[in-house]
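Next come the chains, spelled out residue by residue.
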Amino acid sequence: MDLEDFKILIEGGAGNSITMTKQKVKNMAMAYIFLLPNLVGFLIFTLIPIVCSMGLSFMEWDSANPMVFVGFENFKRLWTDDTFKISLWNTVYYSVFTVPLTMAAALGLAIILNQKMKGINIFRTIFFFPHVASLVAIAVVWNLLFHPTLGPVNNILRFLGIANPPGWTSSVDWAMPVIIIVSIWKSMGYYMILYLSGLQAIPRELYEAAKVDGANSFQRFKSITLPMLTPTTFFVSIMLTIACFKVFDLVSVMTNGGPGRATNVLVFNIYNTAFINYEFGYASAISMILFIIVLAITIVQFRAEKKWVSYM
Amino acid sequence: MNSQTSSFKKIILYGLLIILSLIILLPFFWMMSSSLKTSQDVFSVPMHWLPEQVNWKNFSDIWTKIPLLLFFKNSFKLAIIITLLQVLTSSFAAYPFAKMKFPGRDFIFLCYVATIAVPWQVYMIPQFILIRKMHLADTHLSLILMQAFTAFGVFLIRQAYLGIPTELSEAARIDGLSEFGIYQKIMLPLSKPAIATLVIFSFVNVWNDYMGPMIYLNSNELKTIQLGLRMFITQYSADYNLIMAAALISLIPVGSLFLSMQRFFIEGVATSGLKG
C-alpha cells in the first residue's frame, strides 16, 4: 500500500463517516415524521393522563373550587367507605364466578368445534356473534327475558312448577347472577377462539401415539389436551380476570348498579364518584386501586405461569 | 374406527352443535319476535314465541319516536373518522418501529406497550379533565381525539410489518425507493390482513362504545346509537316492542360487517390475542 492509497482510504473513510452521520440525522428525522401524527395524540391523550392519574389521587377537587393537595386522605377514606367496600366485594364476587365459568364454557365449545366436519365454521360464527353484538341491545333483551313478573324465563319456571321464581334483576340476591350469566353468554365465544387456536397448535401425532398406547378419550384429554393448553389457559385467565375487573356497561344498562348497591362494581363506583358526584380526586384514588389490582393479577399470573405452564 | 361409528358420532355432534346454537341465538330470536309484536303482546300470558299478528309498524314508528336516524349518523361519523385516523396514524407509526433504527425507538415503543396494560378506566378521569380544559367536552372531537391514537393499533400493525422480510425493504432502499415509497408500495400492501383486522376492531369498538359517549356527550343531537338506545329504554320502558325494534336495527351495521368479514374477525382475535 503506498501513500496515495492510504490518503484515499483516510479521506474516503472520513467522507464516509460524515455522510453516515448526515444519513443518520436524515434517517431519524424521517422516522419521527412517520411517528409524529400518532405520537402527539398518544402523548397528549394517553400518556399524560396516565401520568396525571396518580397525582390526582392525592388531590381533592370538585372542578369548581381550586385543587387541594390532601396527601393520603383519599386512600384513608377508602377504608371507611361502605360503597367502595361493597363495590370491591361485588367485583370480586362477579369475577370469581365469571372467570372459571366462562373458561369452562369457552373450552367446551372449542373442543366441540375442533373437528373436521362440514359446516363447522357456521357454528363458530354463531358462537362468536354475541361478542360483537352491542351491549345495550343485548342488555335490554336479557332484561326482557329475565323480567321478574312477565318475562319468559319466569314463565317457563312457573310452568315447570316453581311457584315463586326469583325476581332476577329486581332482587338483591339474584341481580348479580343475572349479570354473570349474560356476561358468560356474551364473552365465551371470544375466548373460545383463543382456545381453538390453542387446540389447533397441539401436534396430532401426540393423540395418535396415545391411541396406539390404548389411551381412551378422557385419558387423552387429561394427559394431552389440558397440559398442552396451559399457556392458552393462563393467557385467557389473565385477560378474563382483567376484563372482569373493568366491567361497567353490562351493569350500567341492566341494573344501574342496583337494586340498592347489589351490582355496584368498582368501575361503576368510579364513574358515579367522578362524573355524577364530581369528586375527581377521590374517584382517582379508587381507580388507582383498580390499577393496582390489575397490575397484581398480571404479575401473579405471570409468576405462576413460569412455575406451572408446560411448554412441552 | 369404522365408518358407521364415525357417522353416528357426527350425528350426535351436529345435534349438540344445533342445540347449543339455538340456546345462544335465543335472545336474538326473542328480540326479533318481540320487535314484531304489539306492546301488549310482548308480555302476554301465556307467552307467545311468535307474534300473534305481525306488527311491521314498529319499524316505522321508532324513527319518529326518537331521532334514531340522527343517532345512527353520529355513530357512523365517529366510527368512520376514528377508524380512518387509527389506520392512517398507526400504519405510519408502526413503520419506523418495525423497519428503521433511530435513537429513542425502543424507549418510545416501551411507553406504547406499557400503556396497553393500563386499563382506560384508570386514566379516564385526567383525560376527561384535560379534554374539558381544551373546551372540547360535549363535542364529537373529544371522542375522536381520545380514541384515534391507540397503542393497540400501532402494536398490531408493527407485528405485521415485522413479518415482512427486511431484505425486501433494504433492496427497495438500495434501488432508490424513498421511505414513503417503501411504506406505500411494500409495507401497506403486504400487511392488508392486519389492517383489515384493525379496521374491524376499531369500527366495532367505536360503534359499540357506551362509556366514552356517556361521559363526554350531553347534548341529544350529538348522542351515538348506544346512548340513544339507552335513552329510548328509559323514555319508553312500557313499549318493549319498539325498544326491541330499535335494538335490532342498532345491531345491523356491526352484524353485517361481522358476517361479511368474519374471517378477519376470528383470525384477528386468534393472532392479536395470543401474540399480544
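What you see is a predicted model, and the numbers here were worked out from it, not measured in a lab.

> Which residues make up the overall build of chain A, and what values do they have?
The helix and strand inventory of chain A stands at 12 helices and two strands. Along the chain direction, N to C, the helices and strands of chain A fall in the order α-β-β-α-α-α-α-α-α-α-α-α-α-α. The C-alpha atoms of chain A give 28 Å as radius of gyration, which overshoots the globular expectation for 312 residues (20 Å, by more than 25%). Across the 312 residues of chain A, 51% fall into the buried class. Pairs at least 24 apart in sequence give 68% of the contacts found in chain A among residues at least 6 apart. Roughly 15,500 Å² of accessible area belongs to chain A as shown, and the carbon and sulfur atoms make up 68% of that amount. The average position of the 21 basic charges and that of the 16 acidic charges among the side chains of chain A differ by 11 Å.

> Which residues make up the environment of Leu135(A), and what values go with them?
Positionally, Leu135(A) belongs in helix H5 (residues 135-145). Residues in contact with Leu135(A), not counting those within four places in the same chain, are Lys186(A), Asp249(A), Leu250(A) and Val253(A).

> Outline the domain arrangement of chain A, listing residues and values.
One can read the domain layout of chain A as domain 1 (3-56) and domain 2 (76-308). Computed over C-alpha atoms only, the centres of domain 1 of chain A and domain 2 of chain A are separated by 45 Å.

> Account for a positive patch on the surface, with residues named and values stated.
A grouping of Lys116(A), Arg204(A), Lys211(A) and Lys9(B) is seen on the molecular surface, where their side chains present a positively charged patch. Note that Arg204(A) resides in helix H8 (residues 204-212). Among the residues examined, Arg204(A) registers a relative accessible area of 48% and is labelled partly exposed.

> Explain the nonpolar core to me, using residue names and the numbers behind them.
The biggest cluster of nonpolar side chains holds 161 residues, and the ones touching the most others in it are Phe127(A), Trp142(A), Phe275(A) and Ile125(B). Of the residues forming this core, the biggest block, 16 residues, is contributed by helix H7 (residues 175-200) of chain A. Setting aside residues up to four positions removed in sequence, Phe275(A) forms contacts with Phe280(A), Met124(B), Ile125(B), Phe128(B) and Ile215(B). Counting residues in each nonpolar core, the second largest holds 34 residues, with Phe92(B), Phe97(B), Ala98(B) and Phe155(B) among its members.

> Go over the state of the cysteines with me, naming the residues and quoting the values.
For the coordinates displayed, the defined rule picks out zero disulfides over all chains. Distance from the sulfur of Cys52(A), which forms no disulfide, to the nearest cysteine sulfur (Cys111(B)) is 14 Å. Overall, Cys52(A) belongs to the partly exposed group, its relative accessible area being 38%.

> I'd like to hear about the UniProt feature "transmembrane region" (unreviewed entry) in chain B, residue by residue, with values.
All names here are of chain B. Per the UniProt record, the feature "transmembrane region" (unreviewed entry) sits at residues 12-32, 76-95, 107-129, 182-204 and 240-259. Taken end to end, residues 76-95 is 100% helix and 0% strand, and its two terminal C-alpha atoms sit 29 Å from one another. With 87% helix and 0% strand, the stretch residues 107-129 has end C-alpha atoms that lie 27 Å from each other.

> Go over a nonpolar patch on the surface, please, and point to the residues and values.
Side chains of Ile156(A), Phe159(A), Leu160(A), Leu26(B), Phe29(B), Trp49(B) and Leu50(B) sit close together on the surface and give an oily, nonpolar patch of about 740 Å² of accessible area. Residue assignment for the nonpolar patch shows that the elements contributing at least two residues are helix H6 (152-159) of chain A together with helix H1 (3-35) of chain B. Note that Phe29(B) resides in helix H1. Looking at Phe29(B), the relative accessible area reads 31%, which means it is partly exposed.

> Which residues make up the interface of chain B and chain A, and what values go with them?
Between chain B and chain A, the residue contacts involve 92 residues of the former and 82 residues of the latter. The interface formed by chain B and chain A includes zero salt bridges. Taken together, the connections running from chain B to chain A amount to 13 residue pairs in polar contact (both at pLDDT 80 or more). Among the elements that make up the side of chain B that touches chain A, the one with the highest residue count is H1(B) (17 residues). Along the lines of polarity and charge, the residues of the side of chain B that touches chain A split into 68 nonpolar, 17 polar and seven charged.

> Can you break down the pattern of salt bridges residue by residue, with the values?
All names here are of chain B. Inspection of the entire model under this criterion finds six salt bridges over all chains. Its salt-bridge partner being Glu170, residue Arg173 comes within 3.5 Å of it at the nearest N-O pair. With a gap of three residues between them, Arg173 and Glu170 both fall in helix H9 (residues 166-174), about one helical turn apart. Residues joined by salt bridges that share partners form a network here, namely Glu170, Arg173 and Glu179.

> An account of the UniProt feature "domain: ABC transmembrane type-1" (unreviewed entry) in chain B is requested, with residue identities and associated values reported.
UniProt feature "domain: ABC transmembrane type-1" (unreviewed entry): in the numbering of this structure it lies at residues 72-261 of chain B. Structurally, residues 72-261 of chain B is divided into 79% helix and 0% strand, and its ends, taken at the C-alpha atoms, are 21 Å apart.

Scoring rules and cut-offs
Residues numbered from 1 in each chain as written. Chains lettered and ligands numbered in written order. Predicted model: local features only at pLDDT ≥ 70, side-chain atom pairs only at ≥ 80, totals over all residues. Heavy atoms only, no water. Helix = DSSP H or I, 4+ residues; strand = E, 2+ residues; numbered from the N terminus. Rg over C-alpha atoms; globule rule 2.2 N^0.38 Å. Buried < 20%, exposed > 50% of the residue type's maximum accessible area, 1.4 Å probe, protein only. Contact = heavy atoms within 4.5 Å. Areas by Shrake-Rupley, 256 points an atom, 1.4 Å probe, with all protein chains shown as cover. Lys, Arg positive; Asp, Glu negative; His and termini not counted. Charge placed at Lys NZ, Arg CZ, Asp CG, Glu CD. Domains from an automatic or database assignment. Patch = residues over 30% accessible without salt bridge, like charges linked within 9 Å, V, L, I, M, F, W, Y side chains within 5 Å. Salt bridge = Lys/Arg side-chain N within 4 Å of Asp/Glu carboxyl O. Core = buried A, V, L, I, M, F, W, Y, C linked by side-chain atoms within 4.5 Å. Disulfide = S-S within 2.5 Å. UniProt positions renumbered as here; feature names shortened; annotations may be inferred. Polar contact = N/O pair within 3.5 Å; in protein donor to acceptor, adjacent residues only side chain to side chain. Nonpolar A, V, L, I, M, F, W, Y, C, P; charged D, E, K, R; others polar.

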